[in-house]
Amino acid sequence: MEVLYTEDGTPTLFHPAYGEAYHPRQGALLQARRLYLERTRTHLHPAPRVLEVGLGLLVNFRVALESALARGVFLRYLAVEKEPLPREVLSAIRLPLPLGERVFGEILEAWPEERFSGPWGELRVVFGDIREVALPALWATAVYLDPFSPKANPEAWEAPVLRRLRLALRRGGVLATYSAQGAFRRALKEAGFRLHRVPGVGKREWTVGIAVEAPRFPCSGG
Ligand SMILES: C[S@@+](CC[C@H](N)C(=O)[O-])C[C@H]1O[C@@H](n2cnc3c(N)ncnc32)[C@H](O)[C@@H]1O
């Protein structure tokens, strides 16, 4: 896969089978910071626990890590990834994050493992499909929903997945994603999230869902 540079100068890759890049052309780092880190308030949380769908190039992870290291808080990060990239490919994706890149270098040396830890926190990677893997209940303070688009990668946006993500979030936890697709937003609401349409950067809207209500499931039987 060829390395492409986004408009903020940070790298991404183009995935030929999905026909999409891993990050928006406006900026890989920009989206990780403005959307995933800040819209979920991970950058303010004293003990952040992030659940990510689609670890990809670990850009979102490294941005969350940089914030945690700068603040001296312990980061817990659980990512589900069904198509992990080889170490040689990840090594080419370096970011201007002085604290996080040092830890990323250590992670690369052992990649792909299921668990990495240090004084900075813990990264656990579940290598599998989000539709099939077990998720911890009431665990996450934030969900980063970052598969490819609903059109290219529909299975990762389906209602059953959203309901399971809701169950993995603690009360008041926040899910963020770049997609503003209508069917996805309706399913997110049905799954028990309070929806917020937030202005995107380089895109009209992003979506934020807050886990305020108990999840709503369709009734079965009489
Ligand atoms: C847009 S990229 C993620 C970029 C990443 N968050 C980052 O910070 O670099 C989407 C990722 O979702 C993964 N993915 C797609 N469908 C999935 C599924 N059903 N279960 C788990 N991961 C999936 C892809 O393999 C890909 O790595």
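Before any of the text, the structure's been laid out above.
All of the points below concern the structure found in this document. Keep in mind it's a predicted model, so treat the numbers as computed, not measured. Throughout, a residue's number is its position along its own chain's written sequence, starting from 1. In view of the model being predicted, local features appear only for residues whose pLDDT reaches at least 70, and side-chain atom pairs are presented and counted only at 80 or more, with totals across whole chains, interfaces and linings using the full set of residues. Remark: hydrogens and water are excluded; side-chain values derive from all non-hydrogen atoms of the structure.

Quick word on the overall build of the protein
Phase 1 of the analysis: Along the backbone of the protein there are six helices and eleven strands.
Phase 2 of the analysis: Its C-alpha atoms give the protein a radius of gyration of 17 Å, near enough to 17 Å, the size a compact globule of 222 residues would have.
Phase 3 of the analysis: Each of the three principal axes of the protein carries a C-alpha extent, and together these read 55 × 35 × 30 Å.
Phase 4 of the analysis: Nonlocal contacts in the protein, meaning residues at least 24 apart in sequence, comprise 66% of its contacts between residues at least 6 apart.
Phase 5 of the analysis: With residues, only the protein chains shown are counted as cover, and all accessible areas are computed by Shrake-Rupley using a 1.4 Å probe. A total of about 10,400 Å² of accessible surface is found on the protein, and carbon and sulfur atoms cover 53% of it.
Phase 6 of the analysis: A positive count includes Lys and Arg, and a negative count includes Asp and Glu. His and the chain ends are not counted in either. To locate a charge, the coordinates of NZ of Lys, CZ of Arg, CG of Asp or CD of Glu are taken. Taken as two groups, the 30 positive and 24 negative side-chain charges of the protein have centres that lie 10 Å from each other. Strands here are runs of E lasting at least two residues and helices are runs of H or I lasting at least four, both read from the DSSP assignment and numbered beginning at the N terminus. All radius of gyration figures rest on C-alpha atoms, and the globule criterion is 2.2 Å times the number of residues raised to 0.38. What makes two residues a contact is simply this: any of their non-hydrogen atoms within 4.5 Å.

Remarks on the pairing of strand 9 (residues 169–177)
Phase 1 of the analysis: Two strands are said to pair when DSSP picks up at least two bridges between them. Bridge count for strand 8 (residues 140–145) against strand 9 is four bridges, and the pairing is parallel. Paired with Y144 across the two strands is A176, which belongs to strand 9.
Phase 2 of the analysis: This β-α-β element, strand 8 to helix 5 (residues 159–168) to strand 9, shows right-handed connectivity.
Phase 3 of the analysis: Both strand 9 and strand 11 (residues 205–210) contribute to a ladder of four bridges, which runs antiparallel. Bridge pairing in strand 11 links L175 to G209. Note on handedness: a crossover is taken as right-handed if, strands pointing away from the viewer, the path from the first strand over the helix to the second is clockwise.

Things to note about the sheet that holds strand 10 (residues 194–199)
Within a beta sheet, neighbouring strands are joined by backbone hydrogen bonds and run either parallel or antiparallel to one another.
Phase 1 of the analysis: Taken together, the eight strands give an open sheet; going across it, the order is 6-7-5-4-8-9-11-10, and neighbouring strands pair in mixed fashion. Looking along the sheet, the strands with just one partner apiece sit at the ends: strand 6 (115–118) and strand 10. Across the sheet, the mean angle from the axis of one strand to that of its neighbour is 15 degrees, orientation sign disregarded.
Phase 2 of the analysis: The sheet contact formed by strand 4 (residues 49–53) and strand 8 spans four bridges and is parallel. Residue pairing in the sheet places L51 in a bridge with V143 of strand 8.
Phase 3 of the analysis: Sheet strands in contact with helix 1 (residues 28–39) are strand 8, strand 9, strand 10 and strand 11, and its direction is about 170 degrees off that of strand 9. With axes taken as lines fitted to C-alpha atoms, and helix axes fitted only over the stretch in contact, angles between N-to-C directions fall between 0 and 180 degrees.

What to know about the nonpolar core
Phase 1 of the analysis: Counting residues in each nonpolar core, the largest one holds 72 residues, and the members touching the most others are L51, F61, Y77, L123, I130 and L165.
Phase 2 of the analysis: Excluding anything up to four places from it in sequence, L165 contacts L51, V53, I130, L135, V143, L145, L175 and F193. Side-chain atoms within 4.5 Å are what join buried Ala, Val, Leu, Ile, Met, Phe, Trp, Tyr and Cys residues into a set we call a nonpolar core. Throughout this description, buried means an accessible area under 20% of the type-specific maximum (1.4 Å probe, protein chains only), exposed means over 50%, and partly exposed covers the range between.

Thoughts on the packing of helix 1 against helix 2 (residues 59–71)
Phase 1 of the analysis: Following both chains from N to C, one finds helix 1 and helix 2 inclined at 65 degrees, their axes separated by 9 Å at the closest point. Relative to helix 2, helix 1 is oriented so that their crossing is right-handed. Touching A28, L29, A32, R33, Y36 and L37 of helix 1 are V59, N60, V63, A64 and S67, all from helix 2.
Phase 2 of the analysis: Charged means Asp, Glu, Lys or Arg here, nonpolar means Ala, Val, Leu, Ile, Met, Phe, Trp, Tyr, Cys or Pro, and polar covers whatever is left, Gly included. A per-class count over the contact of helix 1 with helix 2 returns eight nonpolar, two polar and one charged. Handedness of a helix crossing follows the sense of rotation of the near helix relative to the far helix, less than a right angle counterclockwise being left-handed and clockwise being right-handed.

Digging into the site of the ligand
Phase 1 of the analysis: Surveying the vicinity of the ligand reveals 23 residues, the closest of which are H23, G54, N60, E81 and D146.
Phase 2 of the analysis: Polar contacts here mean pairs of N or O atoms no more than 3.5 Å apart (in protein, one a potential hydrogen donor and the other a potential acceptor; neighbouring residues in sequence count only if both atoms are side-chain atoms). H23 is positioned with one of its side-chain polar atoms (N or O) 2.9 Å from an oxygen atom of the ligand.
Phase 3 of the analysis: Between the ligand and G54, the relevant distance is 2.7 Å, taken from a nitrogen atom to a main-chain nitrogen or oxygen of the residue.
Phase 4 of the analysis: Burial of the ligand by the surrounding chains reaches 99%, relative to a free accessible area of 610 Å².
Phase 5 of the analysis: With respect to the pocket detection grid, the ligand is positioned in the largest pocket.
Phase 6 of the analysis: When residues of the shell around the ligand are traced back to their parent elements, those giving at least two are helix 2 and strand 5 (75–81).
Phase 7 of the analysis: Across the shell around the ligand, the residue classes break down as ten nonpolar, six polar and seven charged. Only a single heavy atom is needed: when it lies within 4 Å of a molecule or strand, its residue is near that molecule or strand. Only protein atoms enter the 1 Å grid used here, on which a cavity is any set of points holding a 1.4 Å probe that cannot leave and a pocket is any open set flanked by protein within 12 Å on both sides along at least five of seven lines; residues with an atom within 4 Å of a point are listed as lining. Each molecule is checked against the cavity or pocket grid, and it sits inside if more than half of its atoms lie within 2 Å of the grid points.

Details of the layout of surface pockets
Phase 1 of the analysis: Put simply, the largest pocket is a space of about 700 Å³.
Phase 2 of the analysis: Listing elements by their share of the lining of the largest pocket, those giving two or more residues are strand 3 (20–21), helix 1, strand 4, helix 2 and strand 5.
Phase 3 of the analysis: Across the lining of the largest pocket, the residue classes tally to 19 nonpolar, 13 polar and nine charged. Grid points are joined across faces, edges and corners, and a volume is the space filled by probe spheres set on the points.

What about the side chain of N153?
Phase 1 of the analysis: Residue placement: N153 occurs in the loop between strand 8 and helix 5.
Phase 2 of the analysis: Here N153 falls in the buried class, since its relative accessible area comes to 5%.
Phase 3 of the analysis: Filtering out sequence-adjacent residues up to four positions away, N153 remains in contact with Y18, P147 and F148.

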